[in-house]
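# Secondary and tertiary structure notes
Take a look at the letters that make up each chain.
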Amino acid sequence: MALELLESTSVVDTSQACPRKTIAVPATDVFGRIANLETRLARSASEIDAAQAVRYRVFVEEMRAQVAPEAEMRKRDVDSWDSICDHLLVLDTAIEGDPEEQIVGTYRLLRQDVAERAGGFYSASEFAIDKLLARHPDKRFMELGRSCVLPEYRTKRTVELLWQGNWAYALRHGVDAMFGCGSFPGVVPEEHALALSFLHHNVLARDDWAVAARPELYRTTDLMPSEAINPKKALAALPPLIKGYMRLGAMVGDGAVVDHAFRTTDVLIVLPISNISGRYLNYYGADAGRFAS
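Residues numbered from 1 in each chain as written. Predicted model: local features only at pLDDT ≥ 70, side-chain atom pairs only at ≥ 80, totals over all residues. Heavy atoms only, no water.

## Let's talk about the confidence of the model for the chain
On average, the chain scores 88 in pLDDT, and the residues at 70 or more come to 90%. Taken as a whole, residues 1-26 scores under 50 in pLDDT and shows 105 contacts with residues more than four places along the chain or in a different chain. (pLDDT = per-residue confidence, 0-100. Contact = heavy atoms within 4.5 Å.)

Dropping the structure here:
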């Protein structure tokens with residue numbers, strides 16, 4: 001379960017893709033501010049714990065995901081990847097109290113060099129990403145995951161700061177491509193036949209970027225012929241964040257995976273930096289400077 005429960009912005013399109021550049025980003029963990037909201041990396045174990053509490057509120061209490069008894073007792077969404085990832089936060093600094101009480105949104109970031117030293121990516125449990133990585137030995141990948149925002153903060157402003165943080169972090173670490181699981185609610189892919197088929201026929205990752213669900217977990221997304229798809233209705237049926245990634249120039253892997261624990265149907269989102277539209281780069285800044293503090 002990842003990459004969901006956010007609202008997308010409408011400030012980007014897929015025209016005028018820009019080539020990859022290495023850009024220096026100021027060495028601060030605060031990536032941006034808008035009014036009282038701030039995005040930065042978690043600075044301590046206690047802040048990571050607070051982010052896990054936010055994830056629990058969204059994934060378990062709101063979405064009814066199943067977690068281990070210990071996590072249920074602690075009211076935390078926790079897994080083994082948490083200890084090796086960087087945790088991007090959005091904080092509402094107007095909330096009185098410690099930073100742990102100000103966290104309203106989070107994203108989990110895992111760079112390829114870290115994943116390779118620590119045993120791999122989370123997405124590999126659902127999608128056969130090894131061949132994708134092997135075809136691009138000169139590129140640096142980053143996995144995005146466990147994204148969530150508290151209901152009252154699901155606004156354009158919060159999402160802009162999360163994008164700002166992801167973009168600044170990617171620039172700082174010279175990332176060439178991002179990927180992660182994008183989720184549809186429920187465990188019956190056929191209930192999303194229109195949207196899944198639209199993705200399959202229109203933005204399927206091909207050639208060097210081709211990637212598929214693990215064979216033992218594979219569920220087809222080719223559920224309707226292309227001529228039977230109403231594009232306008234299909235776009236309206238897409239989860240907001242997946243639609244947002246499409247606007248940036250993202251592709252999706254072949255097939256879906258049902259995540260019974262999180263009660264979602266997952267697709268793999270693949271976003272080469274070179275695909276990101278010029279309008280997106282202009283909006284946030286080629287140096288991630290638009291909302292920089």
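## Section: the environment of Pro-215
Relative to the helices and strands, Pro-215 is located in the loop between helix 6 (193-202) and helix 7 (231-237). For Pro-215, a relative accessible area of 69% gives the class exposed. Each C-alpha atom of the pair Pro-215 and Gly-255 lies 9.3 Å from the other, and the pair is 40 residues apart in sequence. (Helix = DSSP H or I, 4+ residues; strand = E, 2+ residues; numbered from the N terminus. Buried < 20%, exposed > 50% of the residue type's maximum accessible area, 1.4 Å probe, protein only.)

## What to know about helix 1 (residues 45-62)
Taking 1.5 Å per residue, 18 residues should reach 26 Å; helix 1 reaches 25 Å between its end C-alpha atoms and fits that length. Along its length, helix 1 reaches its greatest deviation from straightness, about 30°, at Tyr-56. Along helix 1, the positions that sit buried rather than exposed are Glu-47, Ala-50, Ala-51, Gln-52, Ala-53, Val-54, Arg-55, Tyr-56, Val-58, Phe-59 and Val-60. Next to the buried residues of helix 1 lie strand 2 (37-41), helix 2 (69-74), strand 3 (86-92), strand 4 (103-111) and strand 5 (141-149). (Expected span 1.5 Å × (residues − 1). Bend = angle between axes of the 7 residues up to and from the residue.)

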